[in-house]
Each structure stands twice: as C-alpha cells, then as structure tokens.
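# A look at the structure
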Amino acid sequence: MNKAVNLLHQYISNNQLDKALLECKKLLKTYPKEIYLKKLLSHIYFLKDNYGLAIFESLEILEIKPDDFDSINALGLYYLKQEEYEIAKHYINKAKSINSSHPAPYHNCGELFIKKRLFNKAAEEIDKCISLHEALSDNYKNYKSALIMRIDVFVALKEQNSAIQFIEKYLSLGFDAELLLQLTQINKNSVNNDLIALCEEKTHTRSFKSSLEKYQELVPLYFILSNYYEKIDPVVSEKFYLKGNKEVFDIQRMSMINFQRQVLRILDNYRDIKGEIINNQDKGKNNIFIVGMPRSGTTLTESLITANNEVFGAGELMSFYDLSYRYILDKDKHPDISNMSDVADKYIKRTNYFLNTFSKVADKLPNNYQFIGHIRKFMPASKIILILRDPWDLAVSLFKQRYVESISFASSMFNIGIQIANFEMFILYWQNEGVIDDRVLTINYENLVKNFEKHQITLYEFCNIKSEYEPAKREGFFAKTATMHQVQKKIYTDSVKKKDEFQSVKHEFVDAFYSQRDFWRSKKIIDIPNDYFGYNL
C-alpha cells in the first residue's frame, strides 16, 4: 500500500486532485478500514472546496475513533470554511483540549477571531501558533500562512510599522517572495534596491522541475516588481503585470464556457421559482448585500456602511453564493437543501452568528449579483447595494491584482471582457424582471468617490442606519481582500479613468466583451443596449 499512498501524495502535491480522489477511493475499496486513507479522502474533498463531503468523512472517522485529534482539528477548519462558525468554535476548542501543543488549532482560532473582527484576540492566538511552529521547525516557510495571517492582523490594527519589522525579521532569515510581496504592498519604501535586483535576477536564472513550481516561484516575483515599479516606471510595471498574469493564466487553463452554462442554469432556476409565494415578508431584515463586479468598489462601500454601531462587516461570505450555486447546479448531491427557501434559512442562521450587539450584517461578496432575483424572492426584507464601474477601469484594476482562485478570470483581458459582459447580462435581466426595485440601491463607483459625503447619507437612509457615521471607523476598516491597504486611506479619485493603461492588450478585452454580448443577443434572453450602463468603452 505504501507505493500507492506515495503516488496519492504526489497527486495532491501537484494539485492533481481528480486523480488523487479517484486513487484514494480505489484504495479504500481494498482497505475500507484504513483510517489514514479516510483522512486523506477528507482532505482531498477539502482541497476541492467540497466542505460538506470533507465534514462527512471526518465525522465518520470520529464514529470509529472519537478523540482523533487530526479529524477534530480538521473539522474546526472545515466548518470554519463552511461558515458554520459556532460549530467550528466547538471543534477548535476540543482540538486544543486534546493537544494544546499543536499549532493548528490556534491558527484556526486566529482565523475565527479575524472573522469576528476581534483582532487583538486573533493576535494572541496566531502568536501562540507561531511560537509552537518555531519550536518544531527552523524553516519559517513551513508555517508561512500563519505569518501572513499575523501580518493581516498588524494591518487590521493599523500597526504598519510592526508589520514591516515583523516581515523584515523573517526575510533576514531567508528570502521569500510571498513575504516580500506583503512588504511591497504595505510600504514600497521599505523595499531596498538590493531586494528588487534579487527579484529580477530570480526571474531570469531559475530552472523549474514543473510548470506548477514555475508558477509558484515566478508569479509573486512578477507582482512584486510590477507593484514596485508602478509609480517609478509604468512601462516596466506593465511588462511585469503581463508576465505575471500569463503565468497565472497558463497554470489555470480555464474555460469561460462553463460560466455561460452556469448563467443559463441560474436563470432557468429563477424562472422556475419566481412564482412562489413567501409568507414571511420580514425574512432577511437584518441582512445587507453589497454586489457588483470584483474591484468595483464593494469594499469601500462596506467600509462606509459599517462605520457605526449598527452594521457588522462580515466581509466576503461565501454562504449564499455557495449554497445557491450547489443547490441549483448540483442539487442531487445536497439532499439537505430541498429548495431556495432552505438556502435563505441556512444563510440567515450563519449570519446571525455576527449579530450580538449589532442589528445588521453586511455581506460584500461581489458575485452575489448572480442571485439578485433569488435574494429578492426568498429574503424579501433584505437590502441590496449594486455597484457599477467604468468597464475598462474595472478591467485594469482586476488585471493588476494577484487573483488565482477567488477571481479566476482576472489573469486574462479576454476572460475579463467575457465576464463583464456576463455581469451586464445578469443585471439587465434582473432589471427587466423588476427585481431591482426600491430595496436595491444602484451606485456608480465614480460618483461614490467624487461625492462621498452625499452617498454616505444616501446609503444610511437606504439601509435604515440610525447610528452616527464615524469617519475614523471607516479609515480603520480592515478587509481581507485585494483592497485591504487602499481602503484604510482617505478617499481619492485616482482610481478613476485608467484609459491609458495596458493599451497593448485592450483590444483583447474589447473584442471579447463585444463577442460575448453578441452571444447573449443570440440567446434572445434580454435586449442589450449599445452602452454599458451609461459608460462607453
């Protein structure tokens, strides 16, 4: 069995998860009582973002071995990712009680406190995690994720100088591109010329064992260099952005056809359920959704509507999107969700975890725009804020962020063009269906940053926020997104009008955008005007 298990580990390390899953299931047929294989199966499901099956497999192990630390600790993580925070807390604490010297439960606990915005408590847990790791390993790269989480907490507490010292301490022990990228994003002036020269050298002199290793090594280097040169030499900066995104694109090999299929299935489902009657018209009264394309201003909007004592900023919650997505596109594998009303109930239960002293919860997952009709139907008392932005400014802003999994289309101007056209089609469809009504407020990003005080008043009135707006809270707002360093700054308009950037690849974006528009016109789902919500390319 050892040879087969080694092959399984190789598949996992190479991110060949479908092969790993197939091989693991095959081995379990031969060795059905082998707990280690069951743990691997659970872990593979987790890596494939199938938290439900990962949880199921781990719970089965506990029926055989109730105090198994690995499975209990894993359940703390799995429930955390599933956003079942109360259950996650139970398993995290249980894992600590079984093995208080293992760093993993403290890592998970730190992440849970970050979600609750209890950053000082998060710092204590992560510091404990790091100290336990340091006792076990001399190589900080073995626990780099804990270091990056600690950096996030420094930023959340507005302790940028401490963050810089923290990063420099570990960089002095050995070069790491991920940590240097963090330093570049916090303060470019802290990055000396020698480090930049070393980054450039590493992009030229390395040979790689695989395309995955090449991607892992080169991408952070390219984004360090693009970020560093952005103000110094925009031409050089663009060159590195293009190289970095090419590496991401090559490793992804994604097909946008799947997005088209998903759009059609979501709309088909809405047509099936839109006639249903919802008796409880107060459902969702504590929930605010902020939606739009990623990089359209959703984080800025969240920072504004949570700068008070009423609204908790929960960040980008996956729950509504994930539950809806799995029900609509994969309902046979999720018998616990029998209808969209179940989705709303589960979502509300999860978000109620954040209420405590707050009366409302804001969820700023941009992609929830795909389910505006479903939200309006099954959570009729909720409020939705829809953010629109100039399409080319949006494209450039997406392209300049290092997205890999969360926004997989952002590494290609072609794919960005297609996805913005898909977004347009969704919003036009919801407008035509009449669901963008008085409970949906539409805001243009450009107007938001130019007339911030006016929009603050409008947003508070729309969300029925009675508390006084506190500017210091907005400027101290932390969001674990690509904009986390920008959102704590004063409001500027320099993110508007990026017309002169990336002209060498703009045609890819424009051609893809109009081509995808033609595709949706051919489906005769909705009439599509010439302009894009009042914007021109």
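The model shown is predicted, which means the values in this text are computed figures rather than measured ones. (Residues numbered from 1 in each chain as written. Predicted model: local features only at pLDDT ≥ 70, side-chain atom pairs only at ≥ 80, totals over all residues. Heavy atoms only, no water.)

A separate point is the overall build of the protein chain. Scanning the protein chain for helices and strands turns up 25 helices and 5 strands. Each of the three principal axes of the protein chain carries a C-alpha extent, and together these read 60 × 60 × 50 Å. Here the protein chain holds 537 residues, and 57% of them are scored as buried. Within the protein chain, contacts between residues separated by at least 24 positions form 72% of all contacts whose residues are at least 6 apart in sequence. Surface accessibility of the protein chain: about 24500 Å² in total, with carbon and sulfur atoms responsible for 48%. In the protein chain, 72 side chains carry a positive charge and 69 a negative one; their mean positions are 2 Å apart. (Helix = DSSP H or I, 4+ residues; strand = E, 2+ residues; numbered from the N terminus. Buried < 20%, exposed > 50% of the residue type's maximum accessible area, 1.4 Å probe, protein only. Contact = heavy atoms within 4.5 Å. Areas by Shrake-Rupley, 256 points an atom, 1.4 Å probe, with all protein chains shown as cover. Lys, Arg positive; Asp, Glu negative; His and termini not counted. Charge placed at Lys NZ, Arg CZ, Asp CG, Glu CD.)

Reading across from one edge, β2-β3-β1-β4-β5 is the order of the 5 strands in this open sheet, with parallel pairing throughout. Each of the sheet's edge strands pairs with one partner strand only, and the pair in question is β2 (311-313) and β5 (440-444). Pairs of neighbouring strands in the sheet enclose a mean axial angle of 20 degrees, with direction left out of account. Sheet analysis places strand β1 (residues 287-292) next to strand β3 (residues 360-363), joined by 3 bridges and oriented parallel. By the bridge assignment, Ile288 is partnered in β3 with Ala362. Along the sheet, helix α18 (residues 340-351) contacts β1 and β3; its crossing angle with β1, the most-contacted strand, is approximately 105 degrees. (Pairing = 2+ DSSP bridges. Axes fitted to C-alpha atoms, helices over the stretch in contact; angles between N-to-C directions.)

Bringing the pattern of salt bridges into the picture now. Applying the stated criterion across every chain, the model contains 26 salt bridges. Across the pair Lys364 and Glu316 runs a salt bridge, and its minimum N-O distance is 2.9 Å. Of this pair, Lys364 sits in the loop between β3 and α19 (372-378) while Glu316 sits in the loop between β2 and α17 (319-330), placing them 48 residues apart in sequence. For Lys364, a relative accessible area of 2% corresponds to the buried category. Bridged by salt links that share partners, the residues Lys39, Lys65, Asp68 and Asp70 form one connected network. (Salt bridge = Lys/Arg side-chain N within 4 Å of Asp/Glu carboxyl O.)

Scanning the model with the defined rule gives 39 aromatic pairs in all. Ring centres 5.2 Å apart and planes at 80 degrees place the aromatic pair Phe399 and Phe502 in the edge-to-face group. With Phe399 in helix α20 (residues 391-399) and Phe502 in the loop between α24 (471-475) and α25 (506-523), this pair connects stretches of sequence that are 103 residues apart. Just as Phe399 is buried, Phe502 falls in that class too. An angle of 75 degrees between the planes, with centres 5.4 Å apart, marks the rings of Phe513 and Tyr514 as edge-to-face. Exposure remark for Phe513: the relative accessible area of 1% places this residue in the buried category. If you follow Lys128 out to its NZ or CZ, it ends over the ring of Tyr106, 5.9 Å from the centre. The lysine or arginine in question, Arg389, covers the ring of Tyr445, its NZ or CZ lying 4.5 Å from the ring centre. (Phe/Tyr/Trp six-rings, centres within 6.5 Å; stacked < 30°, edge-to-face > 60°. Lys NZ or Arg CZ within 6 Å of the ring centre and 35° of its normal.)

Turning next to the environment of Tyr241. Among the secondary structure elements, Tyr241 is positioned in helix α14 (residues 234-252). As a C-alpha pair, Tyr241 and Phe223 span 18 residues in sequence and 6.4 Å in three-dimensional space.

Here the focus is helix α16 (residues 298-305). The buried fraction of α16 is high, at 8 of 8 residues. Here α16 has its buried residues at Thr298, Thr299, Leu300, Thr301, Glu302, Ser303, Leu304 and Ile305.

In this section: helix α12 (residues 193-205). Here α12 is 13 residues long and its end C-alpha atoms lie 18 Å apart, about the 18 Å a rise of 1.5 Å per residue gives. Those residues of α12 not exposed but buried are Leu195, Ile196, Cys199 and Thr203. An end-on view of α12 places all buried positions within 100 degrees of arc, on one side of the element. Set apart from the buried face of α12 by more than 90 degrees, the exposed residues are Asn193, Asp194, His204 and Thr205. Check the buried side of α12 and you find it contacts α11 (177-186) and α13 (211-229). (Expected span 1.5 Å × (residues − 1). Arc of directions from axis to C-beta.)

A separate point is unusual backbone geometry. As a rule of thumb, non-glycine residues mostly have phi less than zero, and peptide bonds are mostly trans rather than cis. Positive phi, normally seen in glycine, also occurs at Asp49, with a value near 65 degrees. By the secondary structure assignment, Asp49 is in the loop between α3 (35-47) and α4 (51-64). Although it is not a glycine, Phe502 sits at a positive phi angle of roughly 55 degrees. Look at Phe502 and you get buried, because its relative accessible area is 1%.

Where α3 contacts helix α5 (residues 69-81), the two axes come as close as 12 Å, and the packing angle between them is 15 degrees. Classified by the interaxial angle, the pair formed by α3 and α5 is roughly parallel. Relative to α5, the crossing made by α3 is left-handed. Contact residues: α3 offers Lys39, Ser42, His43 and Phe46, while α5 offers Asp70, Ser71, Leu77, Tyr78 and Lys81. For the contact of α3 with α5, the residue count by class is 3 nonpolar, 3 polar and 3 charged. (Parallel < 35°, antiparallel > 145°, perpendicular 65-115°, else oblique. Left-handed = near helix turned anticlockwise from the far one by under 90°. Nonpolar A, V, L, I, M, F, W, Y, C, P; charged D, E, K, R; others polar.)

This brings us to the packing of α11 against α13. As a packed pair, α11 and α13 sit with axes 9 Å apart at the nearest point and diverge in direction by 20 degrees. When the interaxial angle is binned, α11 and α13 end up roughly parallel. Considering the relative orientation of α11 and α13, their crossing is left-handed. Across the interface between the two elements, Ala177, Glu178, Leu180, Leu181, Thr184 and Gln185 of α11 pack against Pro220, Leu221, Phe223, Ile224, Asn227 and Tyr228 of α13.

Mapped onto the secondary structure, Leu22 falls in helix α2 (residues 17-30). Taking the C-alpha atoms as reference points, Leu22 and Leu8, 14 residues apart in sequence, are found 9.4 Å from one another.

Once that is clear, we can look at the pairing of β3. The alternating pattern of β3 places Lys360 and Ala362 on one face and Val361 and Asp363 on the opposite face, and all of these are buried. Relative to β3, β2 runs parallel, the two being bridged by 3 bridges. Along β3, the bridge assignment pairs Val311 with Lys360.

What follows concerns the environment of Pro105. On the secondary structure map, Pro105 appears in helix α7 (residues 104-115). Each C-alpha atom of the pair Pro105 and Glu168 lies 26 Å from the other, and the pair is 63 residues apart in sequence. Those residues in contact with Pro105 that sit more than four places away from it in its chain are Phe69, Asn73, Ile92, Ala95 and Lys96.

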